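An overview of the molecular structure
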Amino acid sequence: MKEILDAIQSQSASNSGSAAVTAADFAALPIPESYRAVTVHKDETEMFAGLSTRDKDPRKSLHVDDVPVPELGPGEALVAVMASSVNYNSVWTSIFEPLPTFGFLERYGKLSELTKRHDLPYHIIGSDLAGVVLRTGPGVNAWRPGDEVVAHCLSVELESSDGHNDTMLDPEQRIWGFETNFGGLAELALVKSNQLMPKPAHLSWEEAAAPGLVNSTAYRQLVSRNGADMKQGDNVLIWGASGGLGSYATQFALAGGANPICVVSSPQKAEICRSMGAEAIIDRNAEDYKFWKDEHTQDPKEWKRFGKRIRELTGGEDIDIVFEHPGRETFGASVYVTRKGGTITTCASTSGYMHEYDNRYLWMSLKRIIGSHFANYREAWEANRLIAKGKIHPTLSKTYTLEETGQAAYDVHRNLHQGKVGVLCLAPEEGLGVRDHEMRAKHIDAINRFRNI
Ligand SMILES: C/C=C/C(=O)SCCNC(=O)CCNC(=O)[C@H](O)C(C)(C)COP(=O)(O)OP(=O)(O)OC[C@H]1O[C@@H](n2cnc3c(N)ncnc32)[C@H](O)[C@@H]1OP(=O)(O)O
Ligand SMILES: NC(=O)C1=CN([C@@H]2O[C@H](COP(=O)(O)OP(=O)(O)OC[C@H]3O[C@@H](n4cnc5c(N)ncnc54)[C@H](OP(=O)(O)O)[C@@H]3O)[C@@H](O)[C@H]2O)C=CC1
């Protein structure tokens, strides 16, 4: 592993990202037999039985193990991971909710001889990476050893016609590092080559690894015509506007000429949204919305109070698009505050997946609910391109080591974090991997906006 890191570091020293060490040099680097990876164990899926969701502690279930390097198949790439990030799907995996992820690996393993590799008693998790290609399998022509890359997390087989219009519709669509093995929270990762995208040159490894999953998801959910198809002037209600998804949704709304109405839970988070350029901000804690009277009964008066507050902020207008993900706790309110003909687009249910809303407000006002999930390759590419062009910026707040991933996931689970939390994998320290210093200097304040707060 040291040789691999040395090669990547001497690439850095050349400062161009390509000259010092050639593709042939990288291809000739020996691949170690094993590597360190963050895992959950199949024989521990019952360890939190009887505990409430909140009390399930990722620090107990996430391990750092030495694992064998998987065999490289056709259309695949083995990547040296310099940095990764924590996504909420890794929190779900670590608390074995809503299901242990081993069922996904078993099902995938039944598909073919090659996919059998994924069905193991340990699951290497993680759905983001920034790093360097070490090897490519047969049939890979677009990428070479030595290429500096980020990976998006859409894994598809594309044997069925169903996925050939929008690859998210492939019946064998999976999220890499959640529904497949060999994820990005590790020193090495196995991806399909059609997950690879160029690493933005002005960012460090950990900054480049941070946006991937959430940026692509927010792009499809809000901007793409497969999602809400946002347009200039739209009032966009963004839950968790300084969180993982929300910090990118807020940037997309601002960059696209829309009007984000940002919901957050503290003055500090409100300040972050303000510094991104948002003006309409609601602190849900300070204003103490209680959409539920008890576990089973919602309070429409509270939906109305929330709607009035939105009207105050918009000069009397209602919401064109709700960017939903908290789920059960907020969904009734989200449907209520949407304007006639407006759209509620949802990609998650952090607070519970059995939603309740008053359907009269949906059908009588011709509103639409759109389900959205991750992004196809093109959408992920476009989202990454916006990062590479400095139109959208990473929202990395803090970086942990691979050994500290349990703590990093705990922070996200307990909502103690801001924006995105990064993990250094092979990168020995923060700040490495920047190629375009001039462009970086131009955007440095925006790149650092979420740091150390
Ligand atoms: C990028 C990041 C993303 C995120 O962070 S997202 C948040 C994290 N993700 C989650 O929380 C989602 C976790 N996944 C799940 O909870 C489950 O994954 C699903 C609920 C999504 C699906 O459940 P399942 O049991 O895997 O799927 P079924 O489709 O219910 O299949 C079970 C059997 O039911 C059959 N079936 C499906 N649809 C129908 C139908 N309409 N009529 C009759 N049968 C049906 C199937 O074929 C299959 O059958 P057979 O077991 O024999 O293979
Ligand atoms: N389908 C898909 O493709 C994807 C789905 N997801 C899912 O989306 C969800 C959010 O992910 P991500 O943004 O990365 O997570 P984060 O935890 O980084 O951000 C979510 C934010 O939502 C707000 N929030 C949480 N719970 C509630 C609640 N009960 N009511 C109101 N607001 C709440 C919090 O902000 P505040 O406290 O400031 O209000 C929190 O910071 C997760 O469930 C994740 O699994 C994520 C990415 C892709």
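Computed from a prediction, not measured in an experiment: that's the story for all the values here.

Once that is clear, we can look at empty space enclosed by the protein. Tallying each qualifying case throughout the model produces two cavities of 30 Å³ or more. As a volume, the largest cavity reaches approximately 80 Å³. Across the lining of the largest cavity, the residue classes tally to four nonpolar, four polar and two charged. Every residue lining the second largest cavity is listed: Val150, Met197, Ala208, Pro211, Gly212, Asn215, Ser216, Ala380, Ala383, Asn384 and Ile387. Those elements that provide at least two residues to the lining of the second largest cavity are helix H7 (212-223) and helix H13 (377-388). If one sorts the elements of the lining of the second largest cavity by residue count, H13 sits on top with four residues. Residues belonging to the lining of the second largest cavity are distributed by class as follows: seven nonpolar, four polar and no charged.

So, on to the site of ligand 2. Surveying the vicinity of ligand 2 reveals 25 residues, the closest of which are Ser265, Arg284, Thr350, Phe374 and His417. Side-chain polar atom of His373 to a nitrogen atom of ligand 2: 2.9 Å apart, as the coordinates give it. Protein chains bury 91% of the 910 Å² of accessible surface belonging to ligand 2 in isolation. When residues of the shell around ligand 2 are traced back to their parent elements, those giving at least two are helix H4 (88-94), H7, helix H8 (244-255) and helix H11 (328-337). Of all the elements, H7 adds the most residues to the shell around ligand 2, at three residues.

Let us now look at the nonpolar core. Counting residues in each nonpolar core, the largest one holds 105 residues, and the members touching the most others are Leu129, Leu196 and Trp205. Counting the residues that make up this core, at least three belong to each of domain 1 (1-215 + 382-448) and domain 2 (228-371). Beyond its immediate chain neighbours, meaning those up to four positions away, Trp205 contacts Ile8, Met82, Ala83, Ala130, Gly131, Val132, Glu148, Lys199, Ala427, Leu432, Gly433 and Arg435.

Their axes nearest at 9 Å, the elements helix H10 (residues 300-314) and H11 cross at an angle of 50 degrees. Viewed along their axes, H10 and H11 adopt a mutual orientation that is oblique. Once H10 is placed against H11, the crossing between them reads as right-handed. Contact residues: H10 offers Trp303, Lys304, Phe306, Gly307 and Ile310, while H11 offers Gly332, Ala333, Tyr336 and Val337. When its residues are assigned to classes, the contact of H10 with H11 shows six nonpolar, two polar and one charged.

Considering the arrangement of structural elements, one finds Lys367 in the loop between helix H12 (359-363) and strand E18 (368-371). We note that Lys367 is buried and unpaired, the nearest opposite charge coming from Asp318 at a distance of 7.3 Å. Within the local environment of Lys367, its side chain forms a polar contact with the backbone oxygen of Thr338, the two atoms lying 2.8 Å apart. Those residues in contact with Lys367, other than ones at most four positions away along the chain, are Val335, Tyr336, Thr338, Arg339, Gly341, Gly342, Ile344, Tyr361 and Leu362.

For the protein, the mean per-residue pLDDT works out to 97, and 98% of the residues sit at or above 70. For this predicted complex, the interface score ipTM comes out at 0.96, alongside a pTM of 0.97.

The next point concerns H11. In an α-helix, one turn spans 3.6 residues, which is why side chains three or four residues apart end up on the same side. In terms of residue burial, H11 counts as a mostly covered element, since nine of its 10 residues are buried. Turning to H11, its buried residues are Arg328, Thr330, Phe331, Gly332, Ala333, Ser334, Val335, Tyr336 and Val337.

In this section: the sheet that holds strand E17 (residues 338-346). One open sheet accounts for six strands, arranged E13-E12-E11-E16-E17-E18; its pairing is parallel. At either end of the open sheet lies a strand with only one pairing partner, and these are strand E13 (280-283) and E18. This sheet shows a mean twist of 20 degrees between the axes of neighbouring strands, independent of strand direction. Relative to E17, strand E16 (residues 319-324) is paired through five bridges, and the arrangement is parallel. Each bridged residue has a counterpart across the sheet, and for Phe323 the counterpart in E17 is Thr345. The sheet contacts of H11 involve strand E11 (235-238), E16, E17 and E18, and relative to E17 the element is tilted by about 145 degrees.

Taken as a whole, this structure holds 27 salt bridges when the rule is applied. Of the charged contacts, one joins Lys2 and Asp6 as a salt bridge, the two residues approaching to 2.9 Å between their closest N and O atoms. Taken together, the residues Lys2 and Asp6, both in helix H1 (residues 2-14) and four residues apart, mark about one turn of the helix. Between Glu287 and Arg309 there is a salt bridge whose closest N-O contact spans 3.0 Å. Taken together, the residues Glu287 in the loop between E13 and strand E14 (292-294) and Arg309 in helix H10 connect sequence positions 22 residues apart. Overlapping salt bridges, with partners in common, bring together Arg36, Glu187 and Glu403 in one network.

With that settled, the discussion passes to the site of ligand 1. What surrounds ligand 1 is the set Asn89, Trp92, Pro98, Leu99, Phe104, Arg107, Ile175, Phe178, Leu213 and His373. Arg107 has a polar side-chain atom sitting 3.2 Å from an oxygen atom of ligand 1. Protein contacts shield 35% of the accessible area of ligand 1, which totals 1100 Å² for the unbound molecule. When contributions to the shell around ligand 1 are tallied by element, the ones reaching two or more residues are H4 and helix H5 (102-109).

Rules behind the numbers
Residues numbered from 1 in each chain as written. Chains lettered and ligands numbered in written order. Predicted model: local features only at pLDDT ≥ 70, side-chain atom pairs only at ≥ 80, totals over all residues. Heavy atoms only, no water. 1 Å grid on protein atoms, 1.4 Å probe; cavity = no way out; pocket = protein on both sides within 12 Å on 5 of 7 lines; lining within 4 Å. Points joined across faces, edges and corners; volume = space filled by probe spheres on them. Nonpolar A, V, L, I, M, F, W, Y, C, P; charged D, E, K, R; others polar. Helix = DSSP H or I, 4+ residues; strand = E, 2+ residues; numbered from the N terminus. Near = heavy atom within 4 Å. Polar contact = N/O pair within 3.5 Å; in protein donor to acceptor, adjacent residues only side chain to side chain. Areas by Shrake-Rupley, 256 points an atom, 1.4 Å probe, with all protein chains shown as cover. Core = buried A, V, L, I, M, F, W, Y, C linked by side-chain atoms within 4.5 Å. Buried < 20%, exposed > 50% of the residue type's maximum accessible area, 1.4 Å probe, protein only. Domains from an automatic or database assignment. Contact = heavy atoms within 4.5 Å. Axes fitted to C-alpha atoms, helices over the stretch in contact; angles between N-to-C directions. Parallel < 35°, antiparallel > 145°, perpendicular 65-115°, else oblique. Left-handed = near helix turned anticlockwise from the far one by under 90°. Lys, Arg positive; Asp, Glu negative; His and termini not counted. Salt bridge = Lys/Arg side-chain N within 4 Å of Asp/Glu carboxyl O. pLDDT = per-residue confidence, 0-100. Pairing = 2+ DSSP bridges.

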